[in-house]
There are 2 protein chains.
Amino acid sequence: MTPVDHPAPAASPASPPRARTVRERAREQITAEILTAARIRLTESGPGELSLRAVARDVGMVSSAVYRYFASRDELLTALLVLAYDELGAAVEQAEAAVTDRHDVVGRWRAAWLAVRGWAVAHPGDYALLYGSPVPGYAAPQVTVEPATRVIVVILGIVMDATAAGSRMPEPPGSGDDAPVVAGAIGFAQERGLMQAEAPTELVVRTLMGWTTVFGTISFELFGHLVGSVSRADDYFEIVIDRLAADLGLTEAD
Amino acid sequence: MTPVDHPAPAASPASPPRARTVRERAREQITAEILTAARIRLTESGPGELSLRAVARDVGMVSSAVYRYFASRDELLTALLVLAYDELGAAVEQAEAAVTDRHDVVGRWRAAWLAVRGWAVAHPGDYALLYGSPVPGYAAPQVTVEPATRVIVVILGIVMDATAAGSRMPEPPGSGDDAPVVAGAIGFAQERGLMQAEAPTELVVRTLMGWTTVFGTISFELFGHLVGSVSRADDYFEIVIDRLAADLGLTEAD
DNA sequence: CGAGAAACAAGAGCAGTGCTCTCATTTGTT
DNA sequence: AACAAATGAGAGCACTGCTCTTGTTTCTCG
């Protein structure tokens, strides 16, 4: 809570952009070193067991010195959370943007989700931090919310592009007034201009389902629940995202 | 590894079933007390942060005394794992068996999955232990495998009953030879007599997908990823399992 | 340039952890 | 009654997050 004696976080208003002092640059570098070491530790230690002292030893400092950079272990976790969310989001955005044929919504869908799995497999510790069990007693602060939405924003963009292009989806089984249940998701998409007002509720439901299915699949793979059932997880993953694309009415490019 | 000095776990062969001594009964009771206290602690502490000393205090013992009952914290975790898997499995089996009309596969499907979510919401700590991020450095031993399969066995039974009764599923999008990927799941089902040899691969794929989707949905709900998108998680859950039933070709009872 | 302030690193220390060891006590068997 | 096994308690080791104090380095400003 008490931020010890951090440096002035931002210059006071109407002050010219001063040149970065040696101290400021050193501080950024050491902060980055701590974060890097913490991420490495996270791969084999889990968020709750992350030892701040071990991280300190890795960067050649004494534990109390780390508290100059992060007021608590929770603050370190928050920084790691933001870092990982942003890295994952950037990877997905980049992979999806690399699909040159923007009408190929299936290709974009596959590229985005394959990037998610690729990042998760490459960074299982960070993935567990983001999508595994939350650390008890730790509530992710507001700064983590926006980075956390980057993946679903990309996915929603693909689905809405497909709908605008005329994709059609099978009708829902029951005639239901499901809109109130997913009103939050609808509002989220509309606020970001991703969704026209007439987008059907069922499309939102299916997109949410696809979202949870993909992350559920990755979690099951990384957490060991597919052992014995699925031989090659990468092939299975492609099967899954293809079925989900079909369920959403995404059609191959023509 | 060294099991300290546990009592003789099983009577030697060809010995009559001796009456349980006071000690044996006391041991079972204290073991149960420790497990109960540990489960309570687990709700607000997470598996990795579970304090054996705190559990000991809760049952009025000193920490070293607990080691008479569990050789290590990992062994305690294993016992908790088996306990939770069995409790969840029993709840699902019971709820599914309570559907008197055995031809109502949709009803059985809904009953089973609603029991899973009900148990998960009632025991979030145990759910995180089972389906959250694994405790780093802890490998679940063999004894946990069988209890862990009870839910999917129930689900497979429903799907296979429906198929035997003539349910049909939409064709898969791509013509693929996906059988090798899910060969493990096919073998699993066949070994337990749940699956006739001619069950289509696509049905297995869709069952696996439904399985991961449901647990992905529950995990997203309990781990906070649906906040903002879904207002009433219980309603959303029912929407999801209805869509999954439709995707599997499960039809309403007639 | 040189003084004062700010930032920093190191160490000691506190309360907590998992786990081991020793020792006294209780219980069951012969 | 005698002996062995099982049990509980306590001290102790190495570790943890975190705080506080002390000495040093770096920046800023008169």
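Provided above is the structure to which this section pertains.
Residues numbered from 1 in each chain as written. Chains lettered and ligands numbered in written order. Predicted model: local features only at pLDDT ≥ 70, side-chain atom pairs only at ≥ 80, totals over all residues. Heavy atoms only, no water.

Enquirer: What's the story with helix α8 (residues 150-164) of chain B in this structure? I'm lost.
Expert: Structural remark: α-helix, 3.6 residues per turn; residues separated by three or four positions point the same way. All names here are of chain B. The terminal C-alpha atoms of α8, which comprises 15 residues, lie 21 Å apart, in line with the 21 Å expected from a rise of 1.5 Å per residue. Among the 15 residues that make up α8, 12 are buried, leaving the element largely enclosed by the rest of the structure. One or two residues past the end of α8 sits G166, with phi positive at roughly 105°. (Helix = DSSP H or I, 4+ residues; strand = E, 2+ residues; numbered from the N terminus. Expected span 1.5 Å × (residues − 1). Buried < 20%, exposed > 50% of the residue type's maximum accessible area, 1.4 Å probe, protein only.)

Enquirer: It is not clear to me how helix α4 (residues 73-97) of chain A should be interpreted in this structure. Could you clarify?
Expert: Here α4(A) spans 36 Å end to end across 25 residues, near enough to the 36 Å set by a 1.5 Å rise per residue. For α4(A), the set of buried residues is L76(A), L77(A), T78(A), L80(A), L81(A), A84(A), Y85(A), L88(A), G89(A), V92(A) and E96(A).

Enquirer: Quick question: what am I supposed to make of the nonpolar core here?
Expert: Inside soluble globular proteins, nonpolar side chains tend to come together where they are buried. W109(A), W113(A), W109(B) and W113(B) are the most contacted members of the largest nonpolar core, which totals 155 residues. Beyond its immediate stretch of four places on either side in the chain, W109(A) contacts I155(A), I158(A), V159(A), I241(A), L244(A), A245(A), L248(A) and L250(A). (Core = buried A, V, L, I, M, F, W, Y, C linked by side-chain atoms within 4.5 Å. Contact = heavy atoms within 4.5 Å.)

Enquirer: Is there a simple way to think about the side chain of S133(A) in this case?
Expert: Among the structural elements, S133(A) can be located in the loop between α6 (124-131) and α7 (145-148). Within the structure, S133(A) has its side chain in polar contact with the backbone nitrogen of S133(B) (distance 2.9 Å). Residues within four places of S133(A) in sequence aside, it is in contact with A128(B), G132(B), S133(B) and F223(B). (Polar contact = N/O pair within 3.5 Å; in protein donor to acceptor, adjacent residues only side chain to side chain.)

Enquirer: Sorry if this is basic, but what is going on with the interface of chain B and chain A here?
Expert: One frequent convention defines the size of an interface as the accessible area lost when the parts assemble. At the junction of the two partners, chain B supplies 51 residues and chain A supplies 51 residues. For the pairing of chain B and chain A, the buried interface totals around 4,100 Å² over both sides, and the portion due to carbon and sulfur atoms is 63%. Here chain B is connected to chain A by 6 salt bridges. Between D178(A) and R243(B) there is a salt bridge whose closest N-O contact spans 3.0 Å. On the surface where chain B and chain A come into contact, there are 16 residue pairs in polar contact (both at pLDDT 80 or more). Top element by residues in the side of chain B that touches chain A is helix α10 (residues 201-222) of chain B. It accounts for 12 residues. A class-by-class count of the residues in the side of chain B that touches chain A yields 27 nonpolar, 14 polar and 10 charged. (Buried area = accessible area lost by both parts, 1.4 Å probe. Salt bridge = Lys/Arg side-chain N within 4 Å of Asp/Glu carboxyl O. Nonpolar A, V, L, I, M, F, W, Y, C, P; charged D, E, K, R; others polar.)

Enquirer: Which parts of the structure should I look at to understand the pattern of salt bridges?
Expert: Opposite charge on two side chains makes pairing possible when the charged atoms of those side chains draw close. As enumerated under the stated definition, the model contains 34 salt bridges over all chains in all. With a shortest N-O distance of 2.7 Å, R150(B) and D86(B) are connected by a salt bridge. Of this pair, R150(B) sits in helix α8 while D86(B) sits in helix α4 (residues 73-97); the two residues are 64 residues apart in sequence, bridging distant segments of the chain. Note on R150(B): relative accessible area 18%, which makes it buried. Residue classification places D86(B) among the partly exposed positions, given a relative accessible area of 25%. The network of salt bridges with common partners includes E96(A), R102(A), R108(A) and D161(A).

Enquirer: Can you help me understand the relation of the copies chain B and chain A in this one?
Expert: Copy one and copy two of the chain differ by a rotation about an axis and a translation along that axis. When chain B is fitted to chain A, the best match, at an RMSD of 0.1 Å, comes from turning it 180° and sliding it 0.0 Å along the axis. In short, the pair behaves as if placed about a two-fold rotation axis. When you check the interface residues of chain B against chain A, 100% turn up at the interface there too, and the contact is symmetric in its surfaces. (Least-squares fit on C-alpha atoms with pLDDT ≥ 70 in both.)

Enquirer: Any chance you could explain the packing of aromatic side chains here in plain terms?
Expert: Each aromatic ring pair is characterised by the separation of its centres together with the angle its planes make. Across all of its chains, the model carries 20 aromatic pairs over all chains by this definition. Following the ring pairs from residue to residue traces out a cluster consisting of Y85(A), W109(A), W113(A), Y127(A), Y131(A), W211(A), F215(A), F223(A) and F220(B). When the ring centre of F188(A) is taken as reference, the NZ or CZ atom of R192(A) above it lies at 3.7 Å. A cation over a ring is seen here: R117(B) above F237(B), with NZ or CZ 5.9 Å from the ring centre. (Phe/Tyr/Trp six-rings, centres within 6.5 Å; stacked < 30°, edge-to-face > 60°. Lys NZ or Arg CZ within 6 Å of the ring centre and 35° of its normal.)

Enquirer: Quick question: what am I supposed to make of the packing of helix α5 (residues 105-122) of chain B against helix α11 (residues 233-247) of chain B here?
Expert: Relative placement of two packed helices is described by the angle separating their axes and the distance separating the axes. Residues and elements named next belong to chain B. Across the interface, α5 lies against α11 with an axial gap of 10 Å and an inter-helix angle of 140°. Of the two possible hands of crossing, α5 and α11 adopt the one that is right-handed. Contact residues: α5 offers W109, R110, W113, L114 and R117, while α11 offers A233, D234, F237, E238, I241, D242, L244 and A245. In terms of residue class, the contact of α5 with α11 is built from 8 nonpolar, no polar and 5 charged. (Axes fitted to C-alpha atoms, helices over the stretch in contact; angles between N-to-C directions. Left-handed = near helix turned anticlockwise from the far one by under 90°.)

Enquirer: Explain the side chain of R39(B) here, please?
Expert: All names here are of chain B. Checked against the element boundaries, R39 lands in helix α1 (residues 22-43). For R39, the side chain forms a polar contact with the side chain of E87, separated by 2.8 Å. For R39, the contacting residues outside a window of four places in its chain are L80, L83, E87, W119, H123 and D126.

Read these as spatial facts, not as claims about activity.
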